[in-house]
Amino acid sequence: MRAAVAILLLAASAGLAQKFEQRGYLETRLLVFPQTAPNDSGQVVADSLFRWEASWKPLAGLRLAAGVDARTDTHHQTARQLRLDWQDRSLKRPALSVRRLSASYYRGGFSLEAGKQLIRWGKADILNPTDRFAPRDYLAVVDSDFLGVTAARLTYETGANTLDLVWAPRFTPSRTPLLNQRWTVLPPAASAVRLEDLGARLPGGGQFGARWNYIGAGYEGSLVFYEGWHHLPLFEGRLRPDAPGGLRVEFQRFYPRLRLYGADAAVPLRWFTVKGEGAYFTSSTPLADEYVQYVAQLERQSGEWSLVGGYAGEWITATRNPTGFAPDRGLTGAFLARANRTLDARRSFAVEGALRRNGKGSWTKAEYSQTFGQHWRLTGGFTWVRGDQADFLGQYRRNSHAFLLMRYSF
């Protein structure tokens, strides 16, 4: 792993600039929360991220790619041990991690990529039911980033057809909010016991997925199959006696087996593009729910405006376990929207959000961004969350905040 990164660096220094490319950025973000939370009194959080990405083409059709993240923060969401992490299986973000390290080979209509990589499926915006090889970092639930997975991906394209096959030998889970921070909202009854986090019980074995995409006359559609594990966890707990005379709950994450059948489609019309995406989630794990999740949306590009609006829904076919962490399911039963406007070559504005169909939960994020010179960008905005305590969105109503981000890109 380290040798591959070193090879890329040596290639650059050896004068292979025509085959070597690199880019990256350093950003610092400040978040201000007007309210405290019952389990988190912090109201000002700062974090910094350095991300470097490089690629090298030593031969025709062969490409090596690498990416490294280095980060720190003031709120102990990042581990303090300075070691290079490959697996992305820790509860906290690693201080130094491999985001990508893969080799790709292209010939004719075939392409093969093996190693750690980012894989995205689906056509909808904000929520993608068929996106099964895309775990996320949910330490801050409404501001998540994708994690890479170790996989082999074979793609064959011929005419209007594209077949995508993925095999991932090692499971990568989504990262869930930390117990002692505001994005974990505990029921009032939990204050009477001590909670002990036993970490995660990770499954062995691989995951397999296949996606066939067809571009027809005036439409595009895909069929998806996935066999593996759900990257979002369920929880199991045990009640234990605790000194002196109290009780504690020991809980652990586990990941249910998942088989998924899905489809997506896009149809461009005169005034807008219609997009739809849906999947049936079924499981052989006795405690896992089974359900259908779907998204229907309209998308329009008008001048400098990009507009998206739609609805995400869910139909539960088997209810087996209420104790899970599922932000994707938390966005169902809601209207979703996103709008972006490019003001000029240096300035842009964006707003996105979700509104529960019954009005009991809402989330809105708005931001303004401006570049200065060739390398600097300043972004400022706010996230506004409201709703009932029992609603997935509404439970985070104390987490509304303003943010300011400064990025230097190279």
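To start, this report covers the structure provided alongside it. Numbers given for residues are sequential positions, taken from 1 along each chain in its written order. Totals for whole chains, interfaces and linings use all residues, but because this is a predicted model, local features are given only for residues with pLDDT of at least 70 and pairs of side-chain atoms are given and counted only at 80 or more. Excluded from the side-chain calculations are hydrogens and water; all other atoms, namely the structure's heavy atoms, are used.

## Brief notes about the nonpolar core
Take the buried residues of types Ala, Val, Leu, Ile, Met, Phe, Trp, Tyr and Cys, join any two whose side-chain atoms come within 4.5 Å, and each joined set is a nonpolar core. Each residue is placed in one exposure class: buried if its accessible area under a 1.4 Å probe, protein chains only, is under 20% of its type's maximum, exposed if it is over 50%, and partly exposed if it falls in between. Of all hydrophobic cores here, the largest spans 25 residues; its most connected members are Trp 183, Leu 336 and Tyr 396. Only heavy atoms enter the contact rule, under which two residues are in contact if any of them lie within 4.5 Å. Not counting the four nearest positions on each side in its chain, Trp 183 is found in contact with Phe 33, Leu 139, Ala 140, Val 141, Val 142, Pro 177, Tyr 396, Asn 399 and His 401. Ranked by size, the runner-up nonpolar core spans 14 residues in total, among them Phe 133, Val 166, Leu 260 and Phe 281.

## A few points about a nonpolar patch on the surface
Nonpolar side chains (Val, Leu, Ile, Met, Phe, Trp, Tyr) are joined into patches within 5 Å and like charges within 9 Å, using only residues with over 30% relative accessible area and no salt bridge. The Shrake-Rupley method, run with a 1.4 Å probe, gives the accessible areas here. Residue values count only the displayed protein chains as cover. For this analysis, a salt bridge means a side-chain nitrogen from Lys or Arg found within 4 Å of a carboxyl oxygen belonging to Asp or Glu. Judged by side-chain polarity, Leu 26, Phe 50, Phe 372, Trp 376, Met 406, Tyr 408 and Phe 410 come together as a nonpolar surface patch covering roughly 630 Å² of accessible area. Relative to the assigned elements, Leu 26 resides in strand β1 (residues 20-32). Secondary structure elements follow DSSP: runs of H or I no shorter than four residues count as helices, runs of E no shorter than two count as strands, and numbering proceeds from the N terminus.

## Considerations on the environment of Gln 252
Following the sequence through the fold, Gln 252 ends up in strand β15 (residues 246-254). For the pair Gln 252 and Phe 235, spaced 17 residues apart in sequence, the C-alpha separation works out to 5.6 Å. Reaching out from Gln 252, the side chain makes a polar contact with the side chain of Arg 201 at a distance of 3.2 Å. Distance and chemistry together define a polar contact, namely a pair of N or O atoms within 3.5 Å, with one atom able to donate a hydrogen and the other to accept it when in protein, and with adjacent residues in sequence counting only for side-chain atoms on both sides.

## A few points about the side chain of Thr 379
Mapped onto the elements, Thr 379 comes out in strand β23 (residues 376-387). A distance of 3.0 Å separates the side chain of Thr 379 from the side chain of Ser 369, its partner in a polar contact. Those residues in contact with Thr 379 that lie beyond four places of it in its chain are Glu 367, Tyr 368, Ser 369, Phe 403, Leu 404 and Leu 405.

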